[in-house]
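# Architecture and fold: a report
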Amino acid sequence: MSTPATDEGVDPVPAALDRTRVPVHVACVMDGNGRWASARGLPRTEGHTMGETALFDVVMGALEIGIRWLTVYAFSTENWRRPTDEVRFLMGFNENLLMRRADELNELGVQIRFAGRRDWRVPRRVLRRMDDSVELTKKNRTMTLTLAFNYGGRAEIVDAVKALVAEGIPAEKVDEKAIRRHLYYPDMPDPDLVIRTSGETRISNFLLWEIAYSELIFPEVLWPDVRRRHLYEAVIEYQRRVRRFGAVNP
Ligand code: IPE
Ligand code: IPE
Ligand code: MG
């Protein structure tokens, strides 16, 4: 059940949420922007625009309950298959969002990172903006917000294997730790919780290595309608789950 918003429009933290057992790392597949727009007779890109409010409300909610790592899927290696106009919009949108929000995130103590391939198809000025926001926020420690942009889980594993081979690591030295050390962010803990909105129950190439033991939650809400209460609800559901990591219950 949804918690109603307060008069100020900000969802309070429900009493049922145990602040001593908050997941360290939450990852979100921000899905359903296109359907949100289509349902209103609007162009799909309008859904992406409205998704920004959702993202920032979730960031605020994550800060409020002390989540240390938040990773969001902004553009996949497969999203290049979309119509050129939509791809162009998403590239520019990302740049625009950083222009308007990097200072705000910096003031909140958020460290911004990007996970994904630096590809010739990503416009140079977008890359520059990404680098600037990483540089601006690199000393922040309150929360790390990783934007998975031109990201693919398989591509990340391929890149890790390439790096291992390039270093000349012998086959007998290749183990899980060696692969992890060559992922995009070896210091990033695996997600405890993955939330994919819009009712789709698939992973779509998100963090394949890292989600081996993540708890997965698939709320029906479309991303542009998401507010921090949806994060709180997912965290409460997460706290009900028993994580066994292959072992038996204590
Ligand atoms: C997610 O929303 C945003 C991106 C993939 C960039 P979609 O654009 O996939 O929205 P739907 O799934 O078509 O509704
Ligand atoms: C995953 O959503 C990618 C992002 C949210 C950025 P998609 O909408 O691209 O995934 P599919 O195509 O439904 O699997
Ligand atoms: Mg989608």
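Residues numbered from 1 in each chain as written. Chains lettered and ligands numbered in written order. Predicted model: local features only at pLDDT ≥ 70, side-chain atom pairs only at ≥ 80, totals over all residues. Heavy atoms only, no water.

## Details of the packing of helix α3 (residues 84-107) against helix α4 (residues 124-137)
Two elements in contact, α3 and α4, have axes separated by 9 Å at closest approach and are oriented at 15 degrees. The orientation of α3 with respect to α4, classified from their angle, is roughly parallel. α4 is crossed by α3, and the crossing has left-handed handedness. Residues M91, G92, N94, E95, L98, M99, A102, D103 and N106 of α3 pack against R125, V126, R129, M130, S133, L136 and T137 of α4. Counted by class, the contact of α3 with α4 contains seven nonpolar, five polar and four charged residues. (Axes fitted to C-alpha atoms, helices over the stretch in contact; angles between N-to-C directions. Helix = DSSP H or I, 4+ residues; strand = E, 2+ residues; numbered from the N terminus. Parallel < 35°, antiparallel > 145°, perpendicular 65-115°, else oblique. Left-handed = near helix turned anticlockwise from the far one by under 90°. Contact = heavy atoms within 4.5 Å. Nonpolar A, V, L, I, M, F, W, Y, C, P; charged D, E, K, R; others polar.)

## Considerations on the site of ligand 1
Neighbouring ligand 1 are 13 residues, the closest being D31, G34, R35, R44 and R82. One of the backbone N or O atoms of N33 is found 3.1 Å from an oxygen atom in ligand 1. A distance of 2.7 Å separates an oxygen atom of ligand 1 from a polar atom in the backbone of R35. Protein chains shield 87% of the accessible area of ligand 1, which is 380 Å² for the free molecule. Of all elements in the fold, only α1 (33-38), α2 (44-65) and α3 reach the threshold of two or more residues within the shell around ligand 1. (Near = heavy atom within 4 Å. Polar contact = N/O pair within 3.5 Å; in protein donor to acceptor, adjacent residues only side chain to side chain. Areas by Shrake-Rupley, 256 points an atom, 1.4 Å probe, with all protein chains shown as cover.)

## Details of the side chain of S133
Of note, S133 is situated in helix α4. Under the relative-accessibility criterion, S133 is labelled buried at 3%. At 2.9 Å, the side chain of S133 forms a polar contact with the backbone oxygen of M130. Setting aside chain neighbours within four positions, we find S133 in contact with L98, A102, I112 and F114. (Buried < 20%, exposed > 50% of the residue type's maximum accessible area, 1.4 Å probe, protein only.)

## Focus: the confidence of the model for the chain
The share of residues in the chain with pLDDT of 70 or more is 97%, and the mean pLDDT across the chain is 95. Within the chain, strand β1 (residues 25-29) carries the highest mean pLDDT (99), whereas α3 carries the lowest (92). (pLDDT = per-residue confidence, 0-100.)

## Here's the deal with the site of ligand 2
Looking at ligand 2, the residues that line it are V29, M30, D31, Y73, A74, F75, N79, R82, R196, R202 and S204. One of the side-chain nitrogen or oxygen atoms of R196 is found 3.2 Å away from an oxygen atom of ligand 2. Expressed as a share of its isolated accessible area of 390 Å², the protein-covered part of ligand 2 is 77%. A total of three residues in the shell around ligand 2 trace back to one element, the largest contributor, which is strand β2 (residues 69-76). Split into classes, the residues belonging to the shell around ligand 2 amount to five nonpolar, two polar and four charged.

## Considering the packing of aromatic side chains
Scanning all chains against the criterion turns up eight aromatic pairs. On the basis of an interplanar angle of 80 degrees and a centroid distance of 6.0 Å, the ring pair of Y73 and Y151 is categorised as edge-to-face. Placement of the pair is Y73 in strand β2 and Y151 in strand β4 (residues 143-151), with a sequence separation of 78 residues. The buried category is assigned to Y73, whose relative accessible area is 7%. With a centroid separation of 6.1 Å and an interplanar angle of 80 degrees, the aromatic rings of Y151 and Y184 are classed as edge-to-face. Taken as a pair, Y151 in strand β4 and Y184 in the loop between α6 (176-181) and β5 (193-196) lie far apart in primary sequence, 33 residues in all. (Phe/Tyr/Trp six-rings, centres within 6.5 Å; stacked < 30°, edge-to-face > 60°.)

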